[in-house]
Amino acid sequence: MIRLDIFSDPICPWCYIGKARLDFALESRPDHPFQVQWHPFQLNPEMPPEGMDRRTYLENKFGGQQKAVKAYMPVIEEAAASGVEINLEAIKRTPNTMNAHRVIHWAGLEGKQNAVVDRLFRAYFVEGRDLGDNEVLCDIAASAGMDGEMVARLLASSADASDLLARDMDARQKGVNSVPTFVIANQHVVPGAQPIKLWQQVIDDIMEQLDAADVQSGTPLQ
C-alpha cells in the first residue's frame, strides 16, 4: 500500500469537493494502492471556541455580503459540475474545528476515519449542522460506528488537543498553506481539489510502476 496523506478541514468547501472527486477516482480503480490518512489543518486557528455567526464571519472575511457571494460562486459551480450536493444557505455558524479534528483522529485509530470525514462534510455542507457542538460531533461519530459515549467523555477532556495543534503547526512549517493538500508516499505534493481524471491517471501510473517493479524483481503478478 502507498500512503496518501490528506491535510484538510471539515469546513473547507474545496476539501469537500476534493474528497468527492478523489472518492470517485478510487471507486473507479478498485485495485488502487492508496492507504488514506487524514490530518488536521484549521482554516481559522484563531476562531473562538464557540465559533461565530456565519454571515458575520463571511462579511468580515470578504468585506461585505456581495463580495462573499462572489467569492463562493466558484464553489457552487464546481460542486454542481462534480455532482456534489451543497447547501450553503443551511450553514448558520462557522465553528472552531479543533474538536472535529480530534474526532477524526480517534476515528483513525478505529479504522473509521473516512466514514467520519464523509459524515462531517455532509453534516456541515448539506445539513448545516454546527461542527463546534459536541453533541453533533458525538452523533456523527456514533453514526460511523464509534462509541458515542466514549467520544463524549474524550471531548469533555483535553485528550490529544495539544498533539493535534502541534501537528497542524508542523504542517504549516513544512509548507502546507492551503487545503486540501495531498501528499503521495511522503514525496509528491498535490495541492487543491484536483479533477477526477488526474487522480485516475496518478493511480494508473503508480500501478504501472508497481507492476514493472514486480516483473523486474521476479515476483509473480497477483
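Keep in mind that what you see is a predicted model, and the values were worked out from it rather than measured. (Residues numbered from 1 in each chain as written. Predicted model: local features only at pLDDT ≥ 70, side-chain atom pairs only at ≥ 80, totals over all residues. Heavy atoms only, no water.)

1. Considering the overall build of the protein
Right, so step 1: The helix and strand inventory of the protein stands at nine helices and six strands.
Right, so step 2: Taken against the 2.2 N^0.38 rule, which gives 17 Å for 222 residues, the C-alpha radius of gyration of the protein at 18 Å falls within 12% of a compact globule.
Right, so step 3: Dimensions of the protein along its principal axes, counting C-alpha atoms only, are 60 × 40 × 35 Å.
Right, so step 4: Across the 222 residues in the protein, those meeting the buried criterion constitute 43%.
Right, so step 5: Looking at the protein alone, contacts between residues at least 24 apart form 77% of all its contacts between residues at least 6 apart. (Helix = DSSP H or I, 4+ residues; strand = E, 2+ residues; numbered from the N terminus. Rg over C-alpha atoms; globule rule 2.2 N^0.38 Å. Buried < 20%, exposed > 50% of the residue type's maximum accessible area, 1.4 Å probe, protein only. Contact = heavy atoms within 4.5 Å.)

2. What about the packing of helix H4 (residues 98–109) against helix H7 (residues 148–155)?
Right, so step 1: Across the interface, H4 lies against H7 with an axial gap of 11 Å and an inter-helix angle of 130°. Considering the angle they form, H4 stands oblique to H7. Once H4 is placed against H7, the crossing between them reads as right-handed. Between H4 and H7, the contacting residues are Asn99, Arg102, Val103 and Trp106 on the first element and Val151, Leu154 and Leu155 on the second.
Right, so step 2: Residue composition of the contact of H4 with H7, by class: five nonpolar, one polar and one charged. (Axes fitted to C-alpha atoms, helices over the stretch in contact; angles between N-to-C directions. Parallel < 35°, antiparallel > 145°, perpendicular 65-115°, else oblique. Left-handed = near helix turned anticlockwise from the far one by under 90°. Nonpolar A, V, L, I, M, F, W, Y, C, P; charged D, E, K, R; others polar.)

3. Topic: helix H3 (residues 65–81)
Right, so step 1: The terminal C-alpha atoms of H3, which comprises 17 residues, lie 24 Å apart, in line with the 24 Å expected from a rise of 1.5 Å per residue.
Right, so step 2: Its axis deflected by about 35° at Tyr72, H3 carries its strongest bend there, up to four residues before the proline Pro74.
Right, so step 3: Residues Ala68, Tyr72, Val75 and Ala79 constitute the buried set of H3.
Right, so step 4: Next to the buried residues of H3 lie helix H1 (13–28) and helix H2 (54–62).
Right, so step 5: Of the residues flanking the end of H3, it is Gly83, one or two places downstream, whose phi is positive at about 70°. (Expected span 1.5 Å × (residues − 1). Bend = angle between axes of the 7 residues up to and from the residue.)

4. Quick notes on the sheet that holds strand E5 (residues 181–184)
Right, so step 1: In spatial order, the strands read E2-E1-E5-E6; together these four strands make up an open sheet with mixed pairing. Each edge of the open sheet carries a strand with a single partner, namely strand E2 (34–40) and strand E6 (188–191). The average angle at which neighbouring strand axes cross in this sheet is 20°, direction not considered. (Pairing = 2+ DSSP bridges.)

5. Concerning the pattern of salt bridges
Right, so step 1: According to the stated counting rule, one finds 13 salt bridges in the structure shown.
Right, so step 2: For Glu110, the salt bridge goes to Lys112, with nearest N and O atoms at 3.8 Å.
Right, so step 3: Residues Glu127 and Arg122 are paired through a salt bridge, measuring 3.9 Å at the closest nitrogen-oxygen approach.
Right, so step 4: Here Arg122 falls in the partly exposed class, since its relative accessible area comes to 39%.
Right, so step 5: Overlapping salt bridges, with partners in common, bring together Glu85, Arg122, Glu127, Arg129 and Asp139 in one network. (Salt bridge = Lys/Arg side-chain N within 4 Å of Asp/Glu carboxyl O.)

6. Let's talk about the side chain of His39
Right, so step 1: In this structure, His39 sits in strand E2.
Right, so step 2: The class of His39 is buried, set by a relative accessible area of 16%.
Right, so step 3: When sequence neighbours within four positions are dropped, the list of residues in contact with His39 reads Arg3, Asp5, Ile6, Phe7, Ser8 and Arg167.

7. Some thoughts on helix H5 (residues 113–125)
Right, so step 1: A rise of 1.5 Å per residue sets the reference length of H5, with its 13 residues, at 18 Å; its end C-alpha atoms lie 18 Å apart and thus fit the reference within 8%.
Right, so step 2: For H5, every residue scored as buried is listed here: Gln113, Val116, Val117, Leu120, Phe121, Ala123, Tyr124 and Phe125.

8. Looking at the packing of H5 against helix H6 (residues 134–143)
Right, so step 1: For the pair H5 and H6, the least separation of the axes is 9 Å and the interaxial angle reads 135°. Put simply, H5 runs oblique to H6. Like other packed secondary-structure pairs, H5 and H6 cross with a definite hand, here right-handed. Contact residues: Val116, Arg119, Leu120 and Ala123 in H5; Leu137, Ile140 and Ser143 in H6.
Right, so step 2: The residue inventory of the contact of H5 with H6, partitioned by class, reads five nonpolar, one polar and one charged.

9. Section: the nonpolar core
Right, so step 1: Core analysis: the biggest nonpolar cluster contains 60 residues, and Phe34, Ile184 and Trp199 have the highest contact counts within it.
Right, so step 2: If we ignore the near neighbours within four places in the chain, the residues touching Trp199 are Leu4, Leu22, Ala25, Phe34, Phe182, Ile184, Val190 and Gln194. (Core = buried A, V, L, I, M, F, W, Y, C linked by side-chain atoms within 4.5 Å.)

Functional significance is not addressed by these values, which are geometric in nature.
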